[in-house]
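So you can see what is in the structure, the chains are spelled out below.
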Amino acid sequence: MIEFCGLRLGHRVINASGCFDVLAAARVFGEELYAAFPFAAYVSKTITLSAREGNPPPRLWESAAGLINSIGLPNGGLDAYLEHDLAALAGLVVPLITNVMGSTAEEFGKLIDALEDRPQVAAIELNVSCPNVATGLDIGADPDGLEALMRHIRPRSSKPLIVKLTPNTADVAACAAAAQAGGADAVSLINTLRALALTPEGSGAWLGGGSGGLSGPAIRTVALAQVALVARAVTIPIVGMGGVASGRDARDLIDAGASIVAVGTESFRDPAAGARIARELDDGFTQNAR
Amino acid sequence: MTAPFGARRIELRSRREIGPYVVLGAVDERTRAQPGQFYMLASAERWGGGDRERPYLGRAVSVMAVADDGSIEFLLHDVGPGTKRLCELVLGDGLLIVGPLGNGFTASPPGADLLLVGGGIGIAPLVGLQQAWGGRALLGFRDAHHAQAAELFSDPVIATDDGSAGHRGPVTDLLEAELDTRPRKIYACGPPAMLAAVKDRAASHEVASQLALEAPMACGFGACYGCVVATLDGYRRVCVDGPVFDGALLA
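Residues numbered from 1 in each chain as written. Chains lettered and ligands numbered in written order. Predicted model: local features only at pLDDT ≥ 70, side-chain atom pairs only at ≥ 80, totals over all residues.

## A look at the overall build of chain A
So, point 1. Across its full length, chain A holds 10 helices and 14 strands.
So, point 2. Relative to the 2.2 N^0.38 estimate, which gives 19 Å for 290 residues, the radius of gyration of chain A is 18 Å and therefore close to what a compact globule would have.
So, point 3. Taking the principal axes of the C-alpha coordinates as reference, chain A spans close to 50 × 50 × 40 Å.
So, point 4. Counting only residues that meet the buried cut, chain A has 57% of its 290 residues in that class.
So, point 5. Looking at chain A alone, contacts between residues at least 24 apart form 72% of all its contacts between residues at least 6 apart. (Helix = DSSP H or I, 4+ residues; strand = E, 2+ residues; numbered from the N terminus. Rg over C-alpha atoms; globule rule 2.2 N^0.38 Å. Buried ≥ 20, exposed ≤ 12 C-beta atoms within 10 Å, placed from the backbone. Contact = placed C-beta atoms within 7 Å.)

Right, here's the structure in full:
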């Protein structure tokens, strides 16, 4: 067993938020999904206060060894999550980490408050990649703003708070340090890199939402560099992610300073990829090869 | 019925060409797909490194036909790095599959009069549908070369854009003529403009239509939310809420 922020995990691989929908997967794959559940904890897609329809299609663009997406965080909103999703997730065999996003500290506060008395929610991941209306910067891209946000919400929650850092910032290590100073229990990184896909004619943005976020093997080395930087700036645990497709990739992030790793886009290619990566990682540790 | 969990490797057992299309055959020992369902397909080796360093993700491909022994066929058209790689596979090569996925067509009551309307590569799911449930196939193609794929059907009626085979004009001309005779259940798959026209014809003749949609997908099992289509009930995922939709519910 692995201990991470007080959560007991069966192995070191979890899913990246927004890259696995356990309720949809259970309808598609049935009991086999739970019998061979690929992740040591399940991270929900981002929940917002109000329901969101998401961005107009097209939402996807396959790039060189990667994927650019502009999904727009579709979700039924906080109330629907509390009423329907949590009940439907009762069969989950691993700890539940709920990912939330607000556009202001007050919104984050409301989301945190609503989850506080839900024992089913083992930890909360904060998606801070939302633009600050005043500065135009992502909340999580500005160390001072991020620390202020954490100081606002930290006292309201007894649950482990994981800050999902954005890579779209000048100084990710400073952001990580700010998250820790504000009371974060862990940081997770990297989120997708801002990217633009053009129409085949090159005449404008392909994605309905304009620009998107790049994921997949294309960002693996960027993730490695950022995790290494952050590991030198904080003492709290790190969830490393970005293009992990094999046990070797996971081990590289752990060697760079991550405690556990998350798998995102690779799960799109194989929904059971998380289990394979955990196995490969375990084999690597057992053999102590390197 | 649920799909086996995870990507599985199977072997390419047969490959044949029909006009510009390639029919790939394999065996799925675990399960039998329903007409209208699809698999995510990738080659087990050398998937990537093509045009612009793609493909990377699997490709959603309709099940063309299924037999009781588990043999399964897919109709491919080389239109990009993913389909190109799949079309290049040779016997014995590995296919990575996830599926069968999605909601297939809903069967009509026995004796119902079915019209199958297909356009281009969209004819694929209608092949198995006709084998299972019968129906009159109305097929639209670019030209006579593409229309060779009509041989996959029994007794098809053909339309081509250039008139080099069958009726000259859109397949919906054929549909219109059939619906004027008597109303019937419509099952359709094809390019977006064709499906929009089928939906309109179905509505104006007050007949039910089941439309199999195509959308670029990253996962095929509801994880990525990338394949949505606008319905009267908001955006819906083509992979898990479709790919077959009641035409009357599409926006």
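## Here's the deal with the interface of chain B and chain A
So, point 1. With 29 residues of chain B in contact, the opposing surface of chain A contributes 33 residues.
So, point 2. Mapped by element, the contributors of at least two residues to the side of chain B that touches chain A are β8 (94-101) and β16 (234-237) of chain B.
So, point 3. A breakdown of the residues in the side of chain B that touches chain A according to their chemical character gives 19 nonpolar, 7 polar and 3 charged. (Nonpolar A, V, L, I, M, F, W, Y, C, P; charged D, E, K, R; others polar.)

## Quick word on the confidence of the model for chain B
So, point 1. The predicted model of chain B has a mean per-residue pLDDT of 96, with 100% of residues at 70 or higher.
So, point 2. Model confidence for the complex is summarised by a pTM of 0.96, with the ipTM given as 0.94. (pLDDT = per-residue confidence, 0-100.)

## Some points on the domain arrangement of chain B
Interface size is commonly expressed as the accessible area that is lost once the parts come together.
All names here are of chain B.
So, point 1. According to the domain assignment, chain B consists of domain 1 (8-101) and domain 2 (114-212).
So, point 2. Each of domain 1 and domain 2 was reduced to a C-alpha centroid, and the two centroids are 24 Å apart.
So, point 3. Counting residues at the interface gives 13 residues for domain 1 and 14 residues for domain 2.
So, point 4. Secondary-structure elements contributing two or more residues to the side of domain 1 that touches domain 2 are β6 (65-66) and β7 (71-77).
So, point 5. Residues that form the side of domain 1 that touches domain 2 fall into these classes: 9 nonpolar, 4 polar and no charged. (Domains from an automatic or database assignment.)

## Things to note about the pairing of strand β4 (residues 38-43) of chain B
All names here are of chain B.
So, point 1. Most of β4 sits inside the fold, with 6 of its 6 residues counted as buried.
So, point 2. The alternating pattern of β4 places Phe38, Met40 and Ala42 and Tyr39, Leu41 and Ser43 on opposite faces, both of which are buried.
So, point 3. Across 4 bridges, β4 lies against strand β5 (residues 59-62) in antiparallel orientation. Bridge pairing in β5 places Leu41 opposite Arg59.
So, point 4. Here β4 pairs with β8 via 5 bridges, running antiparallel. Looking at β8, one finds that Ser43 is bridged to Leu95. (Pairing = 2+ DSSP bridges.)

## What to know about the nonpolar core
So, point 1. Residues Val13, Ala41, Ile162, Val187 and Val261 of chain A together with Val198 of chain B are the most contacted members of the largest nonpolar core, which totals 180 residues.
So, point 2. Looking at which element gives the most residues to this core, the answer is helix α6 (residues 172-181) of chain A, with 6 residues.
So, point 3. No fewer than three residues from each of domain 1 (8-101) and domain 2 (114-212) of chain B sit in this core. (Core = buried A, V, L, I, M, F, W, Y, C linked by C-beta atoms within 7 Å.)

## Points about the sheet that holds strand β7 (residues 96-100) of chain A
Residue and element names in this part refer to chain A.
So, point 1. Taken in spatial order, the 8 strands of this open sheet run β3-β14-β13-β10-β9-β8-β7-β4, and their pairing is parallel. Only two strands of the sheet have a single neighbouring strand rather than two, namely β3 (13-15) and β4 (42-43).
So, point 2. Bridge analysis of β7 against strand β8 (residues 121-127) gives 5 bridges, and the strand direction is parallel. If you follow Val100 over to β8, its bridge partner there is Leu126.
So, point 3. On top of the sheet, helix α4 (residues 105-116) reaches β7 and β8; it is set at about 170° to β8, its chief contact.
So, point 4. Across the sheet, helix α7 (residues 220-233) lies against β10 (186-189) and β13 (238-241), angled at about 165° from β13, the strand it touches most. (Axes fitted to C-alpha atoms, helices over the stretch in contact; angles between N-to-C directions.)

## Examining the sheet that holds strand β9 (residues 114-119) of chain B
Residues and elements named next belong to chain B.
So, point 1. Spatially, the 7 strands line up as an open sheet ordered β12-β11-β10-β9-β13-β14-β17, and their pairing is mixed. At either margin of the open sheet sits one strand with a lone partner, and together these are β12 (167-168) and β17 (244-246).
So, point 2. As defined by bridge partners, strand β10 (residues 136-141) adjoins strand β11 (residues 157-160) across 4 bridges and the pair is classed as parallel. Its bridge partner being in β11, Phe141 is matched across the sheet by Thr160.
So, point 3. This element, helix α2 (residues 124-133), spans β9, β10, β13 (185-189) and β14 (209-212) of the sheet and lies at about 160° to β9.
So, point 4. Sitting on the sheet, helix α5 (residues 192-204) is in contact with β9, β10, β13 and β14, with an inclination near 170° to β14.

## Notes on the environment of Ala114 of chain A
So, point 1. Positionally, Ala114 of chain A belongs in helix α4.
So, point 2. Counting along the chain gives 118 residues from Ala114 of chain A to Arg232 of chain A, while the straight-line C-alpha distance between them is 34 Å.

## What to know about helix α1 (residues 22-29) of chain A
So, point 1. The set of residues buried in α1 of chain A consists of Val22, Ala25, Val28 and Phe29 of chain A. The arc that holds the buried residues of α1 of chain A, viewed along the axis, is 120°, so those residues lie on one side.
So, point 2. Where α1 of chain A is buried, its residues meet α2 (31-35) and β4 of chain A together with β8 and α6 (238-241) of chain B.
So, point 3. In the segment just after α1 of chain A, Gly30 of chain A is the residue with positive phi, at about 65°. (Arc of directions from axis to C-beta.)

## Some remarks on the environment of His145 of chain B
Residues and elements named next belong to chain B.
So, point 1. Mapped onto the elements, His145 comes out in helix α3 (residues 144-147).
So, point 2. Look at His145 and you get partly exposed, because 14 C-beta atoms sit within 10 Å.
So, point 3. His145 sits 124 residues away from Tyr21 along the chain, and the two C-alpha atoms are 9.7 Å apart.
So, point 4. Apart from residues no more than four positions distant in its own chain, His145 is found in contact with Gly19 and Pro20.

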